[in-house]
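# An overview of the molecular structure
Each chain is listed here by its residues.
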Amino acid sequence: NKGVSNNNRFIWFENWILGKRTLEQLVKESGYSKRNLQNYFYEKLESFPIWDIRLSTPVNLLVDGTYFSNNICLVLYRDNTLKYTQLYRLTDGEWFEEIFEDLKNLNLLGLKIESITCDGHPSILKAIKRADKNIIIQRCIVHIQRMCKIWLTHKPKSQAGNDLLELIKNIHLIKDRTQWGYWVVNLIKWYEQYKDFVNEKVLNPSTGRTWYKHRMVRRAFVTIKRALPDMFHYLDNNSIPSNTNGLESFFGHLKDNLSIHRGLTENHRKCFIKWYLYFRNKEIK
């Protein structure tokens, strides 16, 4: 029975996408020949099912991009409440025009976006503000912490750097507006104490230009200062995620699965990603 056979092979196809099994392992488990399964899998990869949008109100999105080999970039729009990928785009970078178009399309499809949590990529921030000024932008506090720690290093050479690092380490511990108030006051006190240090410049004799002497300390502080208005919206609305960790974990699992199938062409790799997203959405009840 051809219909039954196709249904059975489709089950093995899903296991191949999600189950972290190689083609050789599935041949042993299924009883099908390698050529039979391979031909079916490659044919199925290129016939992608219709994508579904799940309407819910309000929607709190996680938006981020991740990169694969061959300059493949996956931009994902994931509903944090449903744990459901509402939309994705396979492209070659996180471009303003494309993200803006995606957000407008989601709105036209009836998705009422309350907030978007992102890592602060300039294209994403610009696209959100252009698409809908009412969308709350929540900056990923884990990303801010991670980048500032890289710039300051684990053992800053200056006292200003050490004191700022201690403030940065406490960002994720802020759970209410009272704690937020104390933290902001301490940040202001830090700047008042070290503003001469932060703003100190030196002259380059060869070029005649000046630049900030303590660039990494200043960079960390300026990053927090600029992000501060959008860092703590989650304190007032517990539906807003404070970070994009869930999305980064999702990307990690996808890359682990894809890495098992190293012989895929670039086109088949893109198709694999599409099917992976489809099957993961299908798991959501």
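Whatever comes next refers back to the structure up there.
In this text the structure is predicted, and so the values were computed from the model without any measurement.

## Structural notes on the nonpolar core
Of all hydrophobic cores here, the largest spans 31 residues; its most connected members are Leu164, Trp183, Trp190, Ile224 and Phe232. Those elements that place two or more of their residues in this core are α6 (141-152), α7 (159-169), α8 (177-198) and α9 (215-227). Among residues more than four places away in sequence, those in contact with Leu164 are Leu152, Leu187, Trp190, Val217, Ala220 and Phe221. With 30 residues, the next largest nonpolar core counts Phe13, Leu26, Phe251 and Ile273 among its residues.

## Side note on the side chain of Ser115
Counting through the fold element by element, Ser115 comes out in strand β4 (residues 113-118). There is a polar contact of 2.7 Å between the side chain of Ser115 and the side chain of Asn60. Among all residues touching Ser115, those that are not within four sequence positions of it are Val59, Asn60, Leu61, Ile135, Ile136 and Ile240.

## Observations concerning the layout of surface pockets
One number sums up the size of the largest pocket: a volume of about 250 Å³. Lining of the largest pocket is provided by 13 residues; of these, Lys157, Ser158, His214, Met216 and Val217 occupy positions nearest its centre. Taken together, the elements giving at least two residues each to the lining of the largest pocket come down to α6 and α9. Classifying every residue of the lining of the largest pocket gives 6 nonpolar, 3 polar and 4 charged.

## Remarks on the pairing of strand β3 (residues 84-91)
When you tally the buried positions in β3, you get 6 out of 8 residues, the bulk of the element. Linking strand β2 (residues 72-79) back to β3 in an antiparallel pair, the connection comprises 4 residues, with Lys83 at a positive phi of about 60 degrees.

## Details of the packing of aromatic side chains
Counted according to the given criterion, the structure contains 24 aromatic pairs. Taking the centre distance of 5.6 Å and the plane angle of 90 degrees together, the rings of Trp275 and Tyr278 count as edge-to-face. Of this pair, Trp275 and Tyr278 are both found in helix α11 (residues 266-282), 3 residues apart, which corresponds to roughly one turn of the helix. For Tyr278, a relative accessible area of 22% puts it in the partly exposed group. Here the aromatic residues Phe10, Phe13, Trp16, Tyr40, Phe41, Phe48, Trp51, Tyr88, Phe272, Trp275, Tyr278 and Phe279 are joined through ring pairs into a cluster of three or more. Seen from the ring of Trp180, Arg177 lies directly overhead, with NZ or CZ sitting 4.7 Å from the centre. In this structure, Arg218 is placed above the aromatic ring of Tyr212, and the distance from its NZ or CZ to the ring centre is 3.7 Å.

## Notes on unusual backbone geometry
Residue Pro58 is bonded to the preceding Thr57 through a cis peptide linkage, with omega at -15 degrees. Phi is positive for Asn70, close to 65 degrees, though the residue is something other than glycine. Mapped onto the fold, Asn70 is located in the loop between β1 (59-68) and β2.

## Some remarks on the state of the cysteines
Enumeration over the complete set of coordinates arrives at 0 disulfides. Cys140 takes part in no disulfide bond, and the closest cysteine sulfur, belonging to Cys118, lies 8.7 Å away. Under the relative-accessibility criterion, Cys140 is labelled buried at 2%.

## Here's the deal with the sheet that holds β1
Sheet architecture is open: 5 strands sit in the order β3-β2-β1-β4-β5, paired in mixed fashion. In this open sheet, the two strands that pair with only one neighbour each are β3 and β5 (136-139). Across the sheet, the mean angle separating the axes of adjacent strands is 20 degrees when strand polarity is ignored. Bridge count between β1 and β4: 4 bridges; the pairing is parallel. Its bridge partner lying in β4, Val59 is registered against Ile113.

## Some points on the pattern of salt bridges
This model, assessed by the stated rule, comprises 12 salt bridges. Residues Arg21 and Glu29 are paired through a salt bridge, measuring 3.1 Å at the closest nitrogen-oxygen approach. Since its relative accessible area comes to 27%, Arg21 is described here as partly exposed. Judged by relative accessible area, Glu29 falls into the partly exposed class, the value being 41%. Of the charged contacts in the structure, one is a salt bridge between Arg146 and Glu248, with a shortest N-O distance of 3.4 Å. Here the residue Arg146 occupies a position in helix α6, and Glu248 occupies one in helix α10 (residues 245-260), the gap between them amounting to 102 residues. For Arg146, a relative accessible area of 33% puts it in the partly exposed group. Note on Glu248: relative accessible area 29%, which makes it partly exposed. Where salt bridges share partners, they join Arg89, Glu101 and Asp102 into one cluster.

About the thresholds
- Residues numbered from 1 in each chain as written.
- Predicted model: local features only at pLDDT ≥ 70, side-chain atom pairs only at ≥ 80, totals over all residues.
- Heavy atoms only, no water.
- Core = buried A, V, L, I, M, F, W, Y, C linked by side-chain atoms within 4.5 Å.
- Buried < 20%, exposed > 50% of the residue type's maximum accessible area, 1.4 Å probe, protein only.
- Helix = DSSP H or I, 4+ residues; strand = E, 2+ residues; numbered from the N terminus.
- Contact = heavy atoms within 4.5 Å.
- Polar contact = N/O pair within 3.5 Å; in protein donor to acceptor, adjacent residues only side chain to side chain.
- 1 Å grid on protein atoms, 1.4 Å probe; cavity = no way out; pocket = protein on both sides within 12 Å on 5 of 7 lines; lining within 4 Å.
- Points joined across faces, edges and corners; volume = space filled by probe spheres on them.
- Nonpolar A, V, L, I, M, F, W, Y, C, P; charged D, E, K, R; others polar.
- Pairing = 2+ DSSP bridges.
- Phe/Tyr/Trp six-rings, centres within 6.5 Å; stacked < 30°, edge-to-face > 60°.
- Lys NZ or Arg CZ within 6 Å of the ring centre and 35° of its normal.
- Disulfide = S-S within 2.5 Å.
- Axes fitted to C-alpha atoms, helices over the stretch in contact; angles between N-to-C directions.
- Salt bridge = Lys/Arg side-chain N within 4 Å of Asp/Glu carboxyl O.

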